[in-house]
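# A look at the structure
Below are the chains, spelled out letter by letter.
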Protein chains: 2
Amino acid sequence: MPAIAYLECSRCQNQISANKYETVCPKCAGALYVRYDTEALKKTATRPEPGGSQSMWRYASVLPDVSPVTLGEGWTPILPSRRNPNIFLKEEATNPTGTFKARGMSMAVSMARHYGLKKLAAPSAGNAAGALAAYAAAAGIEAHIFMPKDVPFANYLEGVAYGANVTLVDGLISDCARIVNERKEKEGWFDISTLKEPFRVEGKKTMGYELVEQLNWTYPDAVFYPTGGGVGLIGMWKAFEEMEQLGWVTGKRPKMIAIQASGCAPVAKAYKEGANTSQMFENASTFAAGLRVPKPYGDYIILDIVRQSGGTVVDIPDETILDSLLDWSRDEGLLLSPEGAAATAAYDHLIENGFLKPRDKVVIFNTGAGLKYVDMIAEAMGVTRPNSTKLPERVPVGGIITPQ
Amino acid sequence: MPAIAYLECSRCQNQISANKYETVCPKCAGALYVRYDTEALKKTATRPEPGGSQSMWRYASVLPDVSPVTLGEGWTPILPSRRNPNIFLKEEATNPTGTFKARGMSMAVSMARHYGLKKLAAPSAGNAAGALAAYAAAAGIEAHIFMPKDVPFANYLEGVAYGANVTLVDGLISDCARIVNERKEKEGWFDISTLKEPFRVEGKKTMGYELVEQLNWTYPDAVFYPTGGGVGLIGMWKAFEEMEQLGWVTGKRPKMIAIQASGCAPVAKAYKEGANTSQMFENASTFAAGLRVPKPYGDYIILDIVRQSGGTVVDIPDETILDSLLDWSRDEGLLLSPEGAAATAAYDHLIENGFLKPRDKVVIFNTGAGLKYVDMIAEAMGVTRPNSTKLPERVPVGGIITPQ
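Just so you know, these numbers come straight off a predicted model, no measurement behind them.

### Focus: the overall build of chain A
- The helix and strand inventory of chain A stands at 13 helices and 14 strands.
- Taking 404 residues into account, the globule formula puts the C-alpha radius of gyration at 22 Å, and chain A, at 21 Å, falls close to it.
- Seen through its C-alpha atoms, chain A measures out along the principal axes to roughly 70 × 55 × 45 Å.
- When each of the 404 residues of chain A is scored for burial, the buried share is 65%.
- Accessible area of chain A: about 13900 Å², with a carbon and sulfur share of 48%.

Printed below as a string of structure tokens:
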């Protein structure tokens with residue numbers, strides 16, 4: 001595992017030391033990237049062996065030198081679809097806590113323990129909370145979590161079960177972020193929010209390494225990524241850059257397709273308007289809870305990457321997300337998260353409008369398990385709980401039978 | 001992939017052909033095992049390569065010759081615990097549909113498609129339903145599922161989302177089984193119930209291959225297995241026998257520890273009484289839904305294996321299961337299923353009473369994701385839904401905040 005050379009600001013390229021757990025650029029508040037000595041890395045970093053670690057730590061040679069807090073995250077399956085062998089689903093549901101958030105939190109909590117931090121805090125649209133709570137529990141570190149009060153129940157319950165301090169907020173993730181920000185100094189919390197520290201990106205970058213390795217060290221034509229905070233997309237782009245420097249992959253980088261929900265589409269709006277940053281999206285609302293981020297901190301990075309890559313930003317209405325979710329569950333046997341189903345819907349959209357061809361090789365990220373959204377999917381489908389007195393009406397069920 | 005030589009009855013050793021999809025022994029109704037030509041297998045079967053398939057199909061050389069219906073099941077992580085490096089958790093939550101049931105259903109539905117079946121039916125305590133529904137959807141086969149009406153909501157919702165025909169029954173899995181049995185002939189359903197066909201065992205046996213491979217082709221001292229229908233335990237024992245015949249492993253087989261819930265403990269009762277079969281367990285009740293099987297079809301096999309192995313059967317009260325679930329979530333960062341937590345509780349019990357020593361190397365199966373039991377875990381913890389009007393009282397939360 002390589003030493004960190006320095007942290008670099010994604011906006012003003014300011015370089016600072018990694019002697020302590022830094023937050024954002026002290027000059028311009030830009031998000032920080034971890035940088036290594038590339039020449040040294042070329043000598044030490046090696047592509048993982050086929051029989052190596054079955055977790056994201058198989059890429060230890062390009063990750064910070066730290067003792068990992070691991071629950072078996074990463075190295076998730078890449079599944080060719082039944083409908084078209086050029087569509088690969090990257091199934092992040094198999095991660096600990098059921099989502100891709102595990103990768104970032106495994107890395108960030110490992111670094112928090114390394115730097116001796118005792119109390120971590122974060123706002124969350126849902127899944128980051130569960131992941132933070134789990135890794136903090138594994139590391140013996142306190143977690144303080146603020147979530148909108150209407151997050152999926154699974155997100156709430158897991159936070160509580162892992163022993164985190166969970167506070168529900170009558171507002172959006174932006175309100176939660178403000179509360180963390182207001183209290184952190186007094187409480188002695190380290191703010192581990194999306195892109196307000198450099199290591200969650202560093203964990204998420206392993207998604208980029210993995211998809212390239214799983215495609216035999218080649219790039220696909222496009223990557224579909226449901227984009228709330230956008231850390232995964234940012235991390236993958238960083239991975240591609242590093243892999244090219246190391247000579248692990250060559251060729252044209254994939255078009256990066258950022259997917260948002262129409263009910264909360266700040267990046268899509270900025271993209272269409274040709275803007276370099278987004279505006280706060282008012283009255284954000286979507287059942288894809290992870291996409292309910294009305295003003296992503298890394299909007300400027302996301303927009304830059306999408307444009308550099310020749311990709312695009314698509315926003316999908318909730319009804320279309322649900323249709324695609326049911327399409328994939330009934331025809332592929334995969335219960336996607338609403339965020340993942342937004343991405344599969346976006347694929348259909350971009351085939352329909354000719355942006356992509358069916359022969360293009362694409363990787364679509366299902367960022368989490370549909371099982372974490374049982375209540376929201378049920379509500380969207382109009383299915384009621386079977387142990388309530390009201391019977392399901394809109395679904396093909398046989399009713400309740402009382403045996404004689 | 002080897003040809004099937006014949007099917008063998010687990011009770012009377014009757015041998016029948018595998019020319020069609022058989023159910024149980026036509027002579028004595030015993031469960032059937034798949035048998036291969038051992039001498040031929042010795043020439044063709046090979047230990048999987050480290051870089052081979054990252055699913056249970058890495059063991060294709062010892063599985064029936066079939067085109068797999070696969071969603072990426074198996075090859076799940078084996079995680080050393082934080083409390084004791086001799087305790088390994090076999091994390092089946094990472095399977096498609098979040099449980100170990102995926103292995104058996106991947107195999108059985110593959111065979112169903114191979115034999116040209118069009119309609120499958122099964123009773124389920126919950127998780128088998130989700131797995132059957134998913135694999136049937138992937139294979140384009142009809143699924144008819146009967147579940148107790150108080151199954152975890154996730155099990156109900158996933159069945160419906162995958163497009164299965166789901167009927168809720170005001171009774172136990174035994175009532176559901178009776179209904180399938182009564183209707184199957186008229187409806188043209190193939191009954192894919194636990195141990196009433198030979199291929200779910202054949203899929204589940206991969207758990208035995210995996211744990212041995214993951215321990216560098218050695219046996220642990222004991223295997224802890226939450227036992228409802230017991231197919232996994234039966235499958236693992238079959239795997240051990242096959243691996244020994246192939247020379248893939250040697251040494252003393254592990255003690256097999258079958259774990260039940262005290263509220264539904266037919267096998268534990270039979271074991272204590274020295275009986276060879278179990279009696280119907282009246283008024284079965286436990287929040288570990290997968291253990292609510294009041295009279296397992298393979299009770300005679302389970303009891304025989306436990307005794308042969310020098311293991312034991314333990315039953316755990318629901319309160320102790322919940323304590324262990326919270327212990328593992330708060331100290332290990334793993335949200336176990338109630339069934340998995342029954343197994344971790346059983347470990348503590350057998351250390352306390354001296355049956356095992358802390359230096360013994362053990363593998364504990366977490367058969368499913370705690371996330372599938374959100375409603376039941378919440379109820380057991382006394383946590384209410386955050387979007388209800390009632391606030392959580394028994395848990396350390398910060399309450400609901402309305403931003404100014």
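### Some details on helix H13 (residues 374–381) of chain A
- For H13 of chain A, the tally of buried residues reaches six of eight residues, placing the bulk of the element in the interior.
- At its buried positions, H13 of chain A is contacted by helix H4 (153–161) and helix H11 (318–332) of chain A together with helix H4 (153–161) of chain B.
- Following H13 of chain A by one or two positions, Gly382 of chain A has its phi on the positive side, about 75°.

### A word on the sheet that holds strand S2 (residues 15–16) of chain B
Residues and elements named next belong to chain B.
- Spatially, the three strands line up as an open sheet ordered S2-S1-S3, and their pairing is antiparallel. Both edges of this open sheet fall to S2 and strand S3 (32–35), since each of them pairs with a single strand only.
- Bridge count for strand S1 (residues 6–9) against S2 is two bridges, and the pairing is antiparallel. For Glu8, the partnering residue across the bridge sits in S2 and is Gln15.

### Points about the pattern of salt bridges
Residue and element names in this part refer to chain A.
- On inspection of all chains with the given rule, the structure shows 48 salt bridges over all chains.
- Among the salt bridges present, the one from Asp299 reaches Lys295, with a minimum N-O distance of 2.5 Å.
- Given the relative accessible area of 2%, Asp299 is considered buried.
- Among the charged side chains, a salt-bridge network with shared partners connects Arg82, Arg83, Asp327 and Glu332.

### Describing the packing of helix H8 (residues 231–246) of chain A against helix H10 (residues 299–309) of chain A
All names here are of chain A.
- Their axes nearest at 10 Å, the elements H8 and H10 cross at an angle of 50°. The orientation of H8 relative to H10 falls into the category oblique. The crossing of H8 and H10 is left-handed. For the pair H8 and H10, the contacting residues are Leu233, Ile234 and Trp237 in the first and Ile301, Ile302, Ile305, Gln308 and Ser309 in the second.
- Of the residues contributing to the contact of H8 with H10, the split by class is six nonpolar, two polar and no charged.

### Focus: the packing of helix H7 (residues 206–214) of chain A against H8 of chain A
Residue and element names in this part refer to chain A.
- H8 packs onto H7 with a crossing angle of 60° between their chain directions and a minimal axis gap of 6 Å. Classed by the angle they form, the pair H7 and H8 counts as oblique. The handedness of the crossing between H7 and H8 comes out as right-handed. Across the interface between the two elements, Met207, Gly208, Tyr209, Leu211 and Val212 of H7 pack against Gly232, Met236, Ala239, Phe240, Glu242, Met243 and Leu246 of H8.
- For the contact of H7 with H8, a count of residues per class yields nine nonpolar, two polar and one charged.

### Focus on the sheet that holds strand S2 (residues 15–16) of chain A
- Sheet architecture is open: three strands sit in the order S2-S1-S3 (chain A), paired in antiparallel fashion. Only two strands of the sheet have a single neighbouring strand rather than two, namely S2 and strand S3 (32–35) of chain A.

### Overview of the environment of Lys255 of chain A
Residues and elements named next belong to chain A.
- By the secondary structure assignment, Lys255 is in strand S11 (residues 255–261).
- In this structure, the C-alpha to C-alpha distance between Lys255 and Thr94, residues 161 residues apart in sequence, is 25 Å.
- Leave out the neighbours within four places in its chain, and Lys255 touches Asp221, Ala222, Val223, Ser309, Gly310, Gly311, Phe355 and Leu356.

### Some words on the state of the cysteines
Residues and elements named next belong to chain A.
- Tallying each qualifying case throughout the model produces zero disulfides over all chains.
- Of all cysteine sulfurs, the one in Cys9 lies closest to Cys28, which takes part in no disulfide; the gap is 3.4 Å.
- Summary of cysteine pairing: Cys264 is not part of a disulfide, and the nearest cysteine sulfur, belonging to Cys176, is at 13 Å.
- We classify Cys264 as buried; its relative accessible area is 0%.

### Concerning the pairing of strand S8 (residues 165–169) of chain B
Residues and elements named next belong to chain B.
- In terms of burial, S8 is largely enclosed, as four of its five residues are buried.
- For strand S7 (residues 142–148) and S8, the ladder comprises five bridges, and the chain directions are parallel. Note that in S8 the partner of Met147 across the bridge is Leu168.
- With H4 bridging S7 and its parallel neighbour S8, the resulting β-α-β unit is right-handed.

### Quick look at the packing of aromatic side chains
- Within the structure shown, the criterion is met by 28 aromatic pairs over all chains.
- Both rings, one in Phe100 of chain A and one in Tyr225 of chain A, keep their centres 6.2 Å apart while their planes meet at 75°; by these two values the pair is edge-to-face. On the criterion of sequence distance, the pair formed by Phe100 of chain A in the loop between strand S5 (87–91) and helix H2 (101–114) and Tyr225 of chain A in strand S10 (residues 222–226) is long-range, its members being 125 residues apart.
- Of the aromatic side chains, those joined through ring pairs into one cluster are Tyr21, Tyr115, Phe190 and Phe199 of chain A.
- The residue whose ring lies beneath Arg58 of chain B is Tyr59 of chain B, and the NZ or CZ to ring-centre distance is 5.9 Å.
- Over the face of the ring belonging to Trp75 of chain B we find Arg58 of chain B, whose NZ or CZ atom lies 3.7 Å from the ring centre.

### What about the nonpolar core?
- Formed by 146 residues in total, the largest nonpolar core has its most connected members in Tyr21, Leu132, Tyr156, Met236 and Met243 of chain A together with Phe224 and Met381 of chain B.
- The dominant element in this core, judged by the number of residues it contributes, is helix H3 (residues 127–139) of chain A, at 10 residues.
- Judged by nonpolar contacts, the second largest core, of 144 residues, contains Ile259 of chain A together with Leu7, Ala134 and Tyr209 of chain B.

### Description of the UniProt feature "domain: Tryptophan synthase beta chain-like PALP" (unreviewed entry) in chain A
- Per the UniProt annotation, the sites labelled "domain: Tryptophan synthase beta chain-like PALP" (unreviewed entry) are residues 69–368 of chain A.
- Summarising residues 69–368 of chain A: 43% helix, 16% strand, and an end-to-end C-alpha distance of 21 Å.

### Examining helix H12 (residues 338–352) of chain B
Residues and elements named next belong to chain B.
- When the terminal C-alpha atoms of H12 are compared, their 21 Å separation across 15 residues agrees well with the 21 Å that a helix rising 1.5 Å per residue should span.
- With 11 of 15 residues buried, H12 lies mostly within the body of the structure.
- Of all the positions in H12, only Pro338, Glu339, Gly340, Ala341, Ala342, Ala343, Thr344, Ala345, Ala346, Tyr347 and Leu350 are classed as buried.
- Close packing links the buried residues of H12 with strand S5 (87–91), strand S10 (222–226), strand S11 (255–261), strand S12 (312–316), helix H11 (318–332) and strand S13 (362–366).

### Observations regarding the pairing of strand S12 (residues 312–316) of chain A
Residue and element names in this part refer to chain A.
- Of all the five residues making up S12, four are buried; the element is thus mostly covered by neighbouring parts of the structure.
- The sheet contact formed by S11 and S12 spans five bridges and is parallel. Looking at S12, one finds that Ile259 is bridged to Val314.

### A look at the side chain of Thr344 of chain B
Residues and elements named next belong to chain B.
- With respect to the helices and strands, the residue Thr344 is situated in helix H12.
- For Thr344, a relative accessible area of 1% puts it in the buried group.
- Setting aside anything within four residues of it in sequence, one finds Thr344 in contact with Leu89, Ser324, Trp328, Leu336 and Ile364.

Rules used in this analysis
- Residues numbered from 1 in each chain as written.
- Chains lettered and ligands numbered in written order.
- Predicted model: local features only at pLDDT ≥ 70, side-chain atom pairs only at ≥ 80, totals over all residues.
- Heavy atoms only, no water.
- Helix = DSSP H or I, 4+ residues; strand = E, 2+ residues; numbered from the N terminus.
- Rg over C-alpha atoms; globule rule 2.2 N^0.38 Å.
- Buried < 20%, exposed > 50% of the residue type's maximum accessible area, 1.4 Å probe, protein only.
- Areas by Shrake-Rupley, 256 points an atom, 1.4 Å probe, with all protein chains shown as cover.
- Contact = heavy atoms within 4.5 Å.
- Pairing = 2+ DSSP bridges.
- Salt bridge = Lys/Arg side-chain N within 4 Å of Asp/Glu carboxyl O.
- Axes fitted to C-alpha atoms, helices over the stretch in contact; angles between N-to-C directions.
- Parallel < 35°, antiparallel > 145°, perpendicular 65-115°, else oblique.
- Left-handed = near helix turned anticlockwise from the far one by under 90°.
- Nonpolar A, V, L, I, M, F, W, Y, C, P; charged D, E, K, R; others polar.
- Disulfide = S-S within 2.5 Å.
- Right-handed = clockwise from strand over helix to strand, strands pointing away.
- Phe/Tyr/Trp six-rings, centres within 6.5 Å; stacked < 30°, edge-to-face > 60°.
- Lys NZ or Arg CZ within 6 Å of the ring centre and 35° of its normal.
- Core = buried A, V, L, I, M, F, W, Y, C linked by side-chain atoms within 4.5 Å.
- UniProt positions renumbered as here; feature names shortened; annotations may be inferred.
- Expected span 1.5 Å × (residues − 1).

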